[in-house]
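# Working through the structure, step by step
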Amino acid sequence: MKKLTVFSMLFIGLCIAGGGMLGLYLIELKEPGRSGGLFLPIVVGNLLGIGTTFIVWLIQKKRHGNVPTVDERTLQNLKKFYAAALYLVLFGSGGILIILFLMDVQTIEVGMLFIYMMVLFIVLGVGTMLAKRV
Amino acid sequence: MTKVHNRIKEVRLQKGITQLQMAEDLQITRQTITAIENHKYNPSLELTLKLLQYFDLSIEELFTLEEGEK
């Protein structure tokens, strides 16, 4: 396995674990004692995710040999996708705010913003995968 | 409007090279080869030079500029 792939997987794993721990800390800060039992799912989920990615990588390598999965055209496609996604997110968020304003909504709950961010990350993640495969 | 036309598919088949073999040799994806062969994607200068070296041809033999409708 290439060094960069290993480093990337470890970095992503650490970021996910770090985010999870930050979440646990915030829960403990707000409501002490409510974070119990969440530590294990964060660690196990993270390890399962990395393990699955590793297995998929091994299967792909066995099937396609030494053919790369990313090249100059893939990178160009990704650039185009992120450029389009940037406008979509900017104008989309602005549009949502205008609609909420017109609906006479005065405040937005922080929890809702977290959910919005989560949806954005999922949509961008799926979009990246699709843009990579085209 | 001008269009870049290439003879990559023709030359590849003449030499009996598969897309998979070419992808492995040039370290590009099979989808990129398909896109180039179908004139959906113009390779970068770097990849063009690699292709010329790979097929041992001059640029005029592999690529031509076609004048399209204005």
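Note that the structure is a prediction, hence the values are computed from the model and not measured.

Right, let's talk about the overall build of chain B for a bit. Helix and strand counts for chain B stand at 5 helices and 2 strands. Each helix and strand of chain B, placed in order from N terminus to C terminus, yields the pattern β-α-α-α-α-α-β. By the compact-globule yardstick of 11 Å for 70 residues, chain B fits well, its C-alpha radius of gyration being 12 Å. Dimensions along the principal axes, computed over C-alpha positions, put chain B at roughly 40 × 25 × 20 Å. Looking at chain B as a whole, 36% of its 70 residues are labelled buried. Within chain B, counting contacts between residues at least 6 apart in sequence, those at least 24 apart form 64% of the total. Accessible surface computed for chain B: about 4600 Å², of which carbon and sulfur atoms make up 51%. Across chain B, the 9 positively charged side chains and the 11 negatively charged ones have centroids separated by 6 Å.

Check the secondary structure of chain A and you find 4 helices and 0 strands. Counting from the amino terminus, chain A carries its helices and strands in the arrangement α-α-α-α. Compactness check: chain A gives a C-alpha radius of gyration of 19 Å against a globular reference of 14 Å for 134 residues, more than 25% above the reference. Referenced to the eigenvectors of the C-alpha coordinate spread, the extents of chain A come out at roughly 55 × 40 × 20 Å. Put simply, chain A has 134 residues, and 14% of those count as buried. For chain A, long-range pairs separated by at least 24 residues make up 60% of all intrachain contacts whose partners lie at least 6 apart in sequence. Summed over its atoms, the accessible surface of chain A is roughly 10700 Å², and 77% of this surface lies on carbon and sulfur atoms.

This next bit is on the pattern of salt bridges. Enumeration over the complete set of coordinates arrives at 2 salt bridges over all chains. Of the charged contacts, one joins B:Arg7 and B:Glu10 as a salt bridge, the two residues approaching to 3.3 Å between their closest N and O atoms.

On to the UniProt feature "transmembrane region" (unreviewed entry) in chain A. Residue and element names in this part refer to chain A. Residues given the UniProt feature "transmembrane region" (unreviewed entry) here are residues 7-27, 39-60, 81-101 and 113-131. A helix fraction of 100% and a strand fraction of 0% characterise residues 39-60, whose end C-alpha atoms lie 32 Å from each other. In residues 81-101, the share of helix is 100% and the share of strand is 0%. The end C-alpha atoms are 29 Å apart.

Attention now moves to the nonpolar core. Residues and elements named next belong to chain B. In this structure, Ile8, Met22, Leu51, Phe55, Leu62 and Phe63 are the most contacted members of the largest nonpolar core, which totals 18 residues. Secondary-structure elements contributing two or more residues to this core are helix 1 (8-15), helix 2 (19-26), helix 3 (30-37) and helix 4 (45-55). Looking at this core, the element that brings in the most residues is helix 4, giving 4 residues. Those residues within four positions of Ile8 in sequence are excluded, and the remaining contacts are Met22, Ile36, Glu37, Leu51, Phe55, Leu62 and Phe63.

Below, the discussion takes up the packing of aromatic side chains. All names here are of chain A. A full pass over the atoms with the stated rule returns 5 aromatic pairs over all chains. When the centroid spacing of 6.4 Å and the interplanar angle of 15° are considered together, the rings of Phe7 and Phe11 count as stacked. One end of the pair is Phe7 and the other is Phe11, both in helix 1 (residues 3-30) and 4 residues apart, which spans about a single turn. The pair Phe7 / Phe11 is uniform in exposure class, with both members exposed. Measuring from centroid to centroid gives 6.0 Å for Tyr87 and Phe91, while their planes differ by 10°, and the two rings are stacked. In this pair, Tyr87 and Phe91 are both assigned in helix 3 (residues 72-102), 4 residues apart and thus about one turn of the helix distant.

Turning to the domain arrangement of chain A, a few remarks are in order. As assigned here, chain A comprises domain 1 (1-69) and domain 2 (70-134). Domain 1 of chain A and domain 2 of chain A are separated by 22 Å when their C-alpha centres are compared.

Cut-offs used in this document
Residues numbered from 1 in each chain as written. Chains lettered and ligands numbered in written order. Predicted model: local features only at pLDDT ≥ 70, side-chain atom pairs only at ≥ 80, totals over all residues. Heavy atoms only, no water. Helix = DSSP H or I, 4+ residues; strand = E, 2+ residues; numbered from the N terminus. Rg over C-alpha atoms; globule rule 2.2 N^0.38 Å. Buried < 20%, exposed > 50% of the residue type's maximum accessible area, 1.4 Å probe, protein only. Contact = heavy atoms within 4.5 Å. Areas by Shrake-Rupley, 256 points an atom, 1.4 Å probe, with all protein chains shown as cover. Lys, Arg positive; Asp, Glu negative; His and termini not counted. Charge placed at Lys NZ, Arg CZ, Asp CG, Glu CD. Salt bridge = Lys/Arg side-chain N within 4 Å of Asp/Glu carboxyl O. UniProt positions renumbered as here; feature names shortened; annotations may be inferred. Core = buried A, V, L, I, M, F, W, Y, C linked by side-chain atoms within 4.5 Å. Phe/Tyr/Trp six-rings, centres within 6.5 Å; stacked < 30°, edge-to-face > 60°. Domains from an automatic or database assignment.

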